[in-house]
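The residues making up each chain are set out below.
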Amino acid sequence: MKVITRRDFLKISGVTVAGLTLSQLGFDLTPAQLYAAELRTELRIKGAKETPTICCYCSVGCGILVSTDKKGKVINAEGDPDHPISEGALCAKGASSYQIAVNDNRLQKVNYRAPYSNKWKEVSWEWALDKIAANIKKSRDKSFTEKNTDGKVVNRTNGIASVGSAALDNEECWLYQKLLRSLGLVYIEHQARI
Amino acid sequence: MGSNVAENHPVSFKWIEAARAKGAIFIHVDPRFTRTSAKADIFARLRSGTDIAFLGGMIKYILDNNLYDEFYVKNYTNASYIVSPKYGFDDGLFSGYNPSKRSYDQSMWAIEKDENGIPKQDMTLQNERCAFQLLKKHYSRYTLEKVTAITGTPQEDLEKVYKVYGSTGKPDKAGTELYAMGWTQHTVGVQNIRAMSIIQSLLGNMGVAGGGINALRGESNVQGSTDQGLLFHIVPGYLPTPRAQWAKLEDYNKTTPSTKDTRSVNWWKNRPKYVASLLKSFYGDKAAKNNDFCYEWLPKLEPTQDASWLNLFDEMYKGTFTGFFAWGMNPACSSANAGKVRQALGKLDWMVNVNLFDNETGSFWKGPDIDPTKIKTEVFQLPCAAFLEKEGSISNSGRWMQWRWKATNPPGDAMPDGEIMNDLFKKVQALYKKEKGVFPDPILNLKWDYETNGKFDIHKVAKEINGYFLEDIPEHPVDKKAYKKGTLVPSFVFLLDDGRTSCGNWIYSASYTEAGNMAARRKKTDPTGLGLYPEWSWAWPVNRRIIYNRASVDLEGKPRDANRQLLKWDAENKKWVGDIPDGPAPPMGTQGVYPFIMKPDGVASIFGPGLKDGPFPEHYEPLECPIEKNLMSGQRINPAVKIFEGGLDTFATCDPRYPFVCTTYRVTEHWQTGVLTRWLPWLTEAEPQMFCEMSQELATLRGISNGDRVLVETSRGKVEAVAIATLRLKPFVIGGQTIHQIGIPWHFGWLHPKDGGDSANLLTPTIGDPNTMIPESKAFMANVTKITKQPTKKVKKA
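Residues numbered from 1 in each chain as written. Chains lettered and ligands numbered in written order. Predicted model: local features only at pLDDT ≥ 70, side-chain atom pairs only at ≥ 80, totals over all residues. Heavy atoms only, no water.

J.: Is there a simple way to explain the interface of chain B and chain A in this structure?
T.: By convention, interface size is frequently given as the accessible area that disappears when the constituent parts associate. Taken residue by residue, the interface counts 162 residues in chain B and 116 residues in chain A. Note on chain B versus chain A: buried area summed over both sides is about 12,700 Å², and carbon and sulfur give 63% of it. Broken down residue by residue, the surface that chain B buries against chain A is led by Leu230(B), Phe387(B) and Lys427(B), which jointly contribute 6%. The tally of links between chain B and chain A comes to 12 salt bridges. For the salt bridge of Glu87(A) with Lys14(B), the shortest nitrogen-to-oxygen distance reads 3.4 Å. Taken together, chain B and chain A are joined by 85 residue pairs in polar contact (both at pLDDT 80 or more). If you tally residues by element for the side of chain B that touches chain A, the top one is helix H17 (residues 417–435) of chain B, at 12 residues. (Contact = heavy atoms within 4.5 Å. Buried area = accessible area lost by both parts, 1.4 Å probe. Salt bridge = Lys/Arg side-chain N within 4 Å of Asp/Glu carboxyl O. Polar contact = N/O pair within 3.5 Å; in protein donor to acceptor, adjacent residues only side chain to side chain. Helix = DSSP H or I, 4+ residues; strand = E, 2+ residues; numbered from the N terminus.)

J.: For this particular structure, what's the right way to read the nonpolar core?
T.: Core analysis: the biggest nonpolar cluster contains 185 residues, and Phe54(B), Leu202(B) and Trp506(B) have the highest contact counts within it. Looking at this core, the element that brings in the most residues is helix H4 (residues 51–64) of chain B, giving 9 residues. Counting only domains with at least three residues in this core, you end up with domain 2 (43–101) and domain 3 (110–193) of chain A. Those residues in contact with Phe54(B) that sit more than four places away from it in its chain are Met1(B), Val29(B), Ala44(B), Leu46(B), Val147(B), Thr151(B), Thr153(B), Leu158(B), Val161(B) and Tyr162(B). (Core = buried A, V, L, I, M, F, W, Y, C linked by side-chain atoms within 4.5 Å. Buried < 20%, exposed > 50% of the residue type's maximum accessible area, 1.4 Å probe, protein only. Domains from an automatic or database assignment.)

J.: I'm lost on the packing of aromatic side chains in this one. Help?
T.: The geometry of an aromatic ring pair comes down to the distance between the two centres and the angle between the two planes. Considering all chains together, one arrives at 51 aromatic pairs over all chains under this definition. Where Phe71(B) meets Tyr76(B), the ring centres are 5.5 Å apart and the plane angle is 85°; that geometry is what we call edge-to-face. Judged by its relative accessible area of 1%, Tyr76(B) is buried. Note on Phe94(B) and Trp109(B): the rings are 6.1 Å apart at their centroids and 65° apart in plane angle, and the pair reads as edge-to-face. Of the two residues, Phe94(B) sits in strand S4 (residues 93–94) while Trp109(B) sits in the loop between strand S6 (103–104) and helix H6 (131–139), which places them 15 residues apart along the sequence. The class of Phe94(B) is buried, set by a relative accessible area of 3%. An aromatic cluster is defined as three or more aromatic residues linked by ring pairs; in this entry it consists of Tyr87(B), Phe89(B), Phe94(B), Tyr97(B), Tyr104(B), Trp109(B), Tyr139(B), Tyr142(B), Phe607(B) and Phe616(B). A cation sits over an aromatic face here: Lys121(A) above Trp127(A), 5.6 Å from the ring centre. Of note, Lys137(A) hangs over the ring of Tyr432(B), and the distance from its end group to the ring centre comes to 4.9 Å. (Phe/Tyr/Trp six-rings, centres within 6.5 Å; stacked < 30°, edge-to-face > 60°. Lys NZ or Arg CZ within 6 Å of the ring centre and 35° of its normal.)

J.: Would you mind showing me how to read the packing of H4(B) against helix H7 (residues 144–151) of chain B here?
T.: Packed helix pairs are characterised by how far apart their axes lie and by the angle those axes make with each other. Residue and element names in this part refer to chain B. It is the contact of H4 with H7, at a shortest axis distance of 9 Å, that shows an interaxial angle of 165°. In terms of orientation, H4 lies roughly antiparallel with respect to H7. The handedness of the crossing between H4 and H7 is left-handed. For the pair formed by H4 and H7, the contact residues are Ala-53, Phe-54 and Gly-57 on the first element and Val-147, Ile-150 and Thr-151 on the second. Looking at the contact of H4 with H7, its residues break down into 4 nonpolar, 2 polar and no charged. (Axes fitted to C-alpha atoms, helices over the stretch in contact; angles between N-to-C directions. Parallel < 35°, antiparallel > 145°, perpendicular 65-115°, else oblique. Left-handed = near helix turned anticlockwise from the far one by under 90°. Nonpolar A, V, L, I, M, F, W, Y, C, P; charged D, E, K, R; others polar.)

J.: Just to check I follow, could you spell out the side chain of Ser491(B) for this structure?
T.: All names here are of chain B. With respect to the helices, strands and loops of the structure, Ser-491 is situated in the loop between strand S18 (468–469) and strand S19 (501–502). Classification of Ser-491 by relative accessible area gives buried; the value is 9%. In contact with Ser-491, not counting residues within four places along its chain, are Ser-509, Ala-510 and Val-542.

J.: Which parts of the structure should I look at to understand the sheet that holds strand S1 (residues 49–54) of chain A?
T.: Two modes of strand pairing occur in sheets, parallel and antiparallel, and in both the strands are linked by backbone hydrogen bonds. Residues and elements named next belong to chain A. A sheet is described by the order of its strands in space; here 3 strands give the open sequence S1-S2-S3, paired in antiparallel fashion. Of all strands in the sheet, those with a lone pairing partner are S1 and strand S3 (74–79), marking the two edges. With direction set aside, neighbouring strand axes in the sheet form an average angle of 25°. In terms of strand pairing, strand S2 (residues 63–68) meets S3 through 5 bridges, oriented antiparallel. Within S3, the residue paired with Ile-64 across the bridge is Gly-79. (Pairing = 2+ DSSP bridges.)

J.: Is there a simple way to explain the sheet that holds strand S11 (residues 323–327) of chain B in this structure?
T.: Judged by pairing direction, the sheet is mixed, and its 7 strands sit side by side in the order S5(A)-S4(A)-S13(B)-S12(B)-S11(B)-S8(A)-S9(A) without closing on themselves. A strand with exactly one partner marks an edge of an open sheet, and here the two such strands are strand S5 (121–123) and strand S9 (188–189) of chain A. Where strand S4 (residues 110–113) of chain A and strand S13 (residues 378–383) of chain B come together, 3 bridges link them in antiparallel fashion. Across the sheet, residue Arg113(A) finds its bridge partner in S13(B), namely Val379(B). Strands in contact with helix H7 (residues 170–183) of chain A are strand S8 (160–163) and S9 of chain A together with S11 of chain B; relative to S8(A), the strand with the most contacts, it is inclined by about 170°. Packing of helix H14 (residues 309–318) of chain B onto the sheet brings it into contact with S8 and S9 of chain A together with S11 of chain B, and relative to S8(A) it is tilted by some 140°.

Any functional reading would require information beyond the geometric quantities listed.
See below:
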C-alpha cells in the first residue's frame, strides 16, 4: 500500500474539490477527507502560507515549516514532514521557533549606551552606523601596522577584535570575514573555538 | 562518548533508535547517567577528563585480541610506515620536548622516506620502528587495572565496551562515534578525538557507511562559519591565514603540502588555485598576476602568533584593543573564566553587539558588581533578523548546505545581518574616500557589489562564494570545453591559479552553478538506500555525502560490505557508481590512488606526527584535578599546554578548598548561553534556573537536600544554584580515594530571567588544548556548600 504522510494527505485532500478520484489514490479516502475538512475549519494555519526553513539551534539541521497569515505574521511553526533528517520531528527548542518570531522581548530598535552612562538610548541606524564607521576608522588608523619589528609587511590592525558567529548564514559569514579582513583584523574568532 | 545525544541533539536520536531496532548496539560512556544512557544497551561511567585512558585501553584490547581489520590497516593507514629513530617516549614525554617553551620539536617524529622521497614501509608490520609496533608498545601500558584506577570505570564495564566495539573490525560491520564538547573541552581535546580515530582506523570504520567520527555540533551553522574562515588561523576553505614570513604569494604557495608518492592524490596540491581565486573574489580587477593578486593587502599574523579566543580576551584584558564586535555572540557568558571577560569589556573604547535579544555582553556595564559610571565603553546594540526573517544557507554536522527561505519580516527596525554588514562597509568605505586615512587601499579597492536594484542581494554573495570565470576560456585544461566570461564555475576542479577565475570559498564551489541554487534542492531520492539523499540540498565537497569513501572498497573497487554498498567500480564503463567518489581515479589495485586524498601521504594516521602534543594520545590529568600524581607517568598535565597565570587567572589542584570534579553541560530546552532560549516563555517555564547536580552520597556528606540553594565555587568565581541530589551521579574510587563529581548547565546569565542564576563560565579556567586552544570546561575543581541565609537579589537596578 502506498504510504501517505500527513503532509501528502493534506496536499491531496486540499485538491479533492477539484475532482480527485479514488482510483488516483487506490483506496477509499472518504473518512479521511471528512477529517481533513474538519481540520481545515479548525486549524489555525487554514489559508496560511507555508515557508520551509531549517532550525536555528543545533547542527542536526531539522526542517521547519513556518506558517504566516495574509499580513505576513507568523502564526505557526512546526516540523517539516518532508524533511529527510527530521521527518517532521522537532525538539523542544525547535518546536518553540514561533516564539522567536512573535516575542515582545526582541530587540526592535538600535540602542546606544554612551560612556559612563547608566542607560540605553534609542538611536537611528543612520546615526549609529556613521558613528561606528568613525570609531572603526579611528581605532584602525591609530593602531595600523604596515611593517612589523622585523620590517616584514603585515598590514594589520591590532586595535580591533571581533567574535561571531555560527548563528550567521554561510553567505553572511563570508561577507563578514571579507569586511573584517579588508580592515586588517587578525583577531577574528567565534563559537567554533569554545 | 563525549556527548549526550538524546538531550542535546534529540532529533538525530531517532536514527539511533532506528539502528537499534535493526540490531545495532548502542554504547554510552559518560561521567553522568543521562537520558542518552537510559536508552543505551551498555552504559559505562568514567571520571571527567580520563577518556584517553579509557580509549587507550581499548586500543590495547583490539591489538591484544587481533580484532583489527588487517586489510584496512595495511592498505589504508600508515601502520606499516617506518618512523624516524629520533622518535621516543619516556615517562609521559615524547622526544624533542623543550620544558622552558612547553613545546615539542615535531621534526623528531617524522616518517622515514627512501631516496625517492617515498615513505619507507614494512607491509608485514613487524619492523620495530613501524607505526603499528610503536602503537602496540605505547598502549601496552594501558592495562585494564591501570585504566580502571584512572577512570573509575569498573573493569567488567571496560571489557564489555571493548569487546562489543572491537567487534566492528569486520568488513561487514560498522561502528560510529558521536562526540561533542564532552571531548573537545579538555586540555587533551584533540587527542581524545585522535585516540578514537586510531581505533576507527584499526577497525576499518572510516570512509564507510555507518562509520566515522561525528562531531555533534552545537550551533546550526558552526560547520559553515568554520568553513568560511571565521577563525584567526584560517581564511575561507581552510587555507592558512597569511603570516609575516610569507611576504609574497610565492612564499605562501611554497607551504603548499607536497608528496613524491604518485599514488597519493594530495588534493591540497591545488591550493595555489584556490588562493588566487579567493584573492580575485576580494579585490576583483585590482588583483592581477603581476601584483601578486594584491596578496600584500591581506592582514598577516606574526610568524607563530596565536590570536585565538583565550588570547584574544587576554589581550583585551590587558587593554590592547580599543574596538570590539560581538556579532551574534555572548562572550560574557560563553567564554571560559567569564568574569575576566566581563572585566575586559570595560577596557574598550567601543563595542558593537549584534543580537536578537538583549544579552549579558551588550549590557555588561550594568551587570552584577559593576558600576556603570566607571565604565567608559561606548556600546552599540544592533537588532538583527532571526533565521525565519531572512534568506540564506546553513551547513549542518553532515556538511549538508541547506537553504532557508524568508517567512516574514524582522520586527521593528531589526535588519538581516548581511544588510547590516553591507550598510556598514559602505559607510566605512565612504569615510576613507572622503577623509583618506592610513593605508586605505584594501578598503577603497575591495570588491563589494552585492546589491540588485539598490537592495542587498544574498544570492549575489552565494554566487561569489561558488565562483565564476573572469574571461572567455576557449578550451579549459580540465575538460577541453569552452566557458564564457561570467559563467558560474561548475566546481572547484575548474579553478585556475592565473587570475582567470574568482571563487570566494573553493569547498563551496559547485553549490550555486548555472544549474541553480543546489542548496535549495528538495528531491528525496535515495539510490544507494543508505540515506544519502544526493538531491536534497547539497554537501561540500562536490556533493560528496561520505568523505574518504574510497576506503569502503577493496583493491578492485568492490564494496567490502555487501550490505552497505557506498561505492563500487564499474570496470566495464570505467566509472564509480554510488556516492560521489573522492576523485575519478580507478581502484587502488588497478593503478589507482590511496583513499585519504587530503592527507599528504594518502593514508589514515595511526601515527600522527602533526599535533603539538605528540604523535600518540597519552593520558594526562586536567589542569585542575583531584589527584597529586598521574597514575600513567611523571607528567601530571599535558606538557604542551600554555599556562595563563596571574591576575584573574588562577587554578587549584588537590586544594582542599575545591575538592570536587565539576563539569558543565546542556539541557534540551536551552541553547548555548540561553541568549535566545531564556527569552522564550515556553522554554524558561520548563527550565527556569541554574542548578547543580550531585550524587546523593555527596548531598548527604554536605547536608544538602534536593531543592536547597547552594553555592558552587572555584578559585575564579561563584554561582548560586538549586541542588539536585540524584542517582545520576555516583562517587568514583580513583587511586584508592573517593572522588565526587558535580555537574552544572551553562545556559544562564544574570540579565534574564530574574533570579535564573548566572553563568557557569564564571567558574571555568582560562586554559586550552595546545592544538586548538578550546578551553577545558569539562573538568575542573569546585566546591559546593549549602546557602543557609535567604537569597539576596544580585541584580542591580540600572
